[in-house]
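# Remarks on the overall topology
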Amino acid sequence: MVDNFFTDNPDLQYRLERLGLEEAVAILEEGYRYHRDYPGAPRHYADALDNYRLLLQVLGEVCAGRIAPRAAEADEQGARFHAGRVTYAEATQEGLHLLRQAGLMGAMLPWEYGGLNLPETILQMMIEIISRADPALMSIFGLQEIASTLAEYGDEEIKARLLPRFARGEVTGAMALTEPEAGSDLGAVQTRAIWDEAAGVWRLNGVKRFITNGCAGVLLVLARSEEGSTDARGLSLFVVEADETVHIRRIENKLGLHASPTCELQFCDTPARLVGQRRYGLIRYTWSLMNGARIAVAAQAVGIAEAACREACQYAQKRVQFGRTIDRIPAVARLLLSMRSEIETTRALVYETGRWVDLKKAYERLQRQRPLTPQEQGRLKRAERMAAVLTPLAKYHATEMGNRVCYQAMQVHGGAGYMREFNVERHWRDMRVTSIYEGTSQLQIVAATGPLLGHALDGLFDEWAAEEYGPHLAGLKREMEEATALFNRSIDHLKEQDNGELIDYYAADLADMAVCLLTSWLALRDARATERKQELARLYLGQALPDFRGHLAALQAGDPTPLRARDLLLAG
């Protein structure tokens, strides 16, 4: 049995050592001044990196030794609902207790509230490790973004009362956004918020649906505060401490993540506090919250994929057919190699995205403290642009990749993988929702299309192309430079189309080309580190660039036939 889900993963350790968070962490730690008042605070970046490594080792041990062995039990028992109350599976309760005991529940909260003041990227590494052990538990743990939103936008009274409770693990959180008639279109939210002058509180009335961990003690609720409004500008964000006015009507009977309760909630004159300013609930606070959740889901997908890939490799090394273990059969080896290369290149993309998000958050934090210099303003603007394009691409690619890997892992198992006795069946079920919740893959493509059409990745690709790769990688570098040039010409070709629907139809090809370039450049950059990484880059580019050319051909052709024939072909 594996002893530690961090120390047994060389690629995750490799990523930690090369995160490049020096600039963001220096701002987050305010010049490393906190070490004078908080024993756990770092004195410099090397100290911070040591802290992160130790934290991940502790988490990796807990996940491998205590949480993963009970994940199947948690899935089997599931969250239970009786008489309006939700009870976590016993294994889930123990998992939360272990995470509290290890002091990991206030990961991103500031030191002054009892948190660990971690950058976003380190939280995502934690999420990956927990997801490898039990992704249903992660969906509860990962909602620490609720506390981070309160730390950033809540008033001092809210922060003083709630944040220490989050840090101690006394409460968990939930985002109460979706409604029966407002899923992807959150601007259509109808839950009402009315100011109660006599009580000095807002009162919420309405129904929320598909709320992950909706039984939480603290809820962030998107509600319509402006009477007569019908669009996003009439929405505000509220914090609710669950009481008898919050009714859990049911929990959903889901394909996967059985230990994570997905609730339908009804608010009946529920007292609430405004978070931030009125009318900014969706356009500022919820988008910020959801972008954090999207990176978390990308990391969750990588964690589940890692678990599924390892199950497939172990099975293939033991299963004998035709006189040899099946990992020696080329068709099976191809699946295993594809899984491994996809996981590692996607992991690189997720943590590259985290780096830009951390840089963006760091300069936003600095901006709240003092005016930024022109150079700092430029750094913030670039980080904002990069986070805006990389976040949806990372979420899109990681979750689609995870679904492919779980499919392939089950295929390696053959008929055995279809049986409940094997973990890969659970991994496949748990993975399926990642490309759906926190914005479907199609919505991520929509979010990325505008920045991609604006050449948002040009600067990043130029920087990577300007780096030195050595003569042994010169051929691969030329291929990447040619592909990048073709990508840029394809963007301009697509923008020239005088047909918005046609652009939208081929936006998926554009997103796939962008992801291919990002992951391939990242693989090439890593190829300079070790012989193994060099071989992985050759393998990955050999798979990815032919796919890139397929999307390129589709986009350049821009065939309008599918749109013209849509009604005819889809007629009932």
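Residues numbered from 1 in each chain as written. Predicted model: local features only at pLDDT ≥ 70, side-chain atom pairs only at ≥ 80, totals over all residues. Heavy atoms only, no water.

Counting its regular elements, the chain contains 21 helices and 11 strands. Rg of the C-alpha trace for the chain: 24 Å, near the compact-globule value of 25 Å for 572 residues, within the 12% margin. Projecting the C-alpha coordinates of the chain onto the three principal axes gives extents of approximately 75 × 65 × 55 Å. Looking at the chain residue by residue over its 572 residues, the buried ones come to 56%. In the chain, the share of contacts with a sequence separation of at least 24, taken over all contacts with a separation of at least 6, comes to 75%. Total accessible area on the chain is roughly 24,100 Å²; 51% of this is exposed by carbon and sulfur atoms. Charge-centre separation for the chain: the mean point of 66 positive side chains lies 1 Å from the mean point of 77 negative side chains. (Helix = DSSP H or I, 4+ residues; strand = E, 2+ residues; numbered from the N terminus. Rg over C-alpha atoms; globule rule 2.2 N^0.38 Å. Buried < 20%, exposed > 50% of the residue type's maximum accessible area, 1.4 Å probe, protein only. Contact = heavy atoms within 4.5 Å. Areas by Shrake-Rupley, 256 points an atom, 1.4 Å probe, with all protein chains shown as cover. Lys, Arg positive; Asp, Glu negative; His and termini not counted. Charge placed at Lys NZ, Arg CZ, Asp CG, Glu CD.)

Right, let's talk about the pairing of strand β4 (residues 192–196) for a bit. Strand direction decides the pairing type here: β4 and strand β5 (residues 201–212), joined by five bridges, are antiparallel. Its bridge partner being in β5, Trp195 is matched across the sheet by Trp202. Here β4 hands over to β5 after four residues, with Gly200 in that stretch at a positive phi of 70°. (Pairing = 2+ DSSP bridges.)

This part is about the nonpolar core. Counting 70 residues, the largest nonpolar core has Leu16, Leu99 and Met126 as its most contacted members. With 12 residues, the top contributor of residues to this core is helix α10 (residues 281–318). For Leu16, the contacting residues outside a window of four places in its chain are Phe6, Leu49, Tyr52, Arg53, Leu56, Ile122 and Met125. (Core = buried A, V, L, I, M, F, W, Y, C linked by side-chain atoms within 4.5 Å.)

Note that Cys215 resides in the loop between β5 and β6 (218–224). With relative accessibility at 23%, the residue Cys215 sits in the partly exposed group. Sequence separation between Cys215 and Trp202 is 13 residues, and the spatial gap between their C-alpha atoms is 21 Å. Other than its neighbours up to four places away in sequence, Cys215 contacts Val86, Tyr88, Ile248, Pro261 and Cys263.

This part takes up unusual backbone geometry. Look at Phe210: it is not a glycine, yet its phi comes out positive at around 60°. Within the secondary structure layout, Phe210 lies in strand β5. For Phe210, a relative accessible area of 45% translates into the label partly exposed.

Moving on to the pattern of salt bridges. Applying the stated criterion across every chain yields a total of 50 salt bridges. With its nearest N and O atoms 2.5 Å apart, the salt bridge here joins Glu23 to Arg379. In this pair, Glu23 sits in helix α2 (residues 22–28) while Arg379 sits in helix α12 (residues 374–413), placing the two residues 356 residues apart along the sequence. Exposure remark for Glu23: the relative accessible area of 28% places this residue in the partly exposed category. For Arg379, a relative accessible area of 27% gives the class partly exposed. (Salt bridge = Lys/Arg side-chain N within 4 Å of Asp/Glu carboxyl O.)

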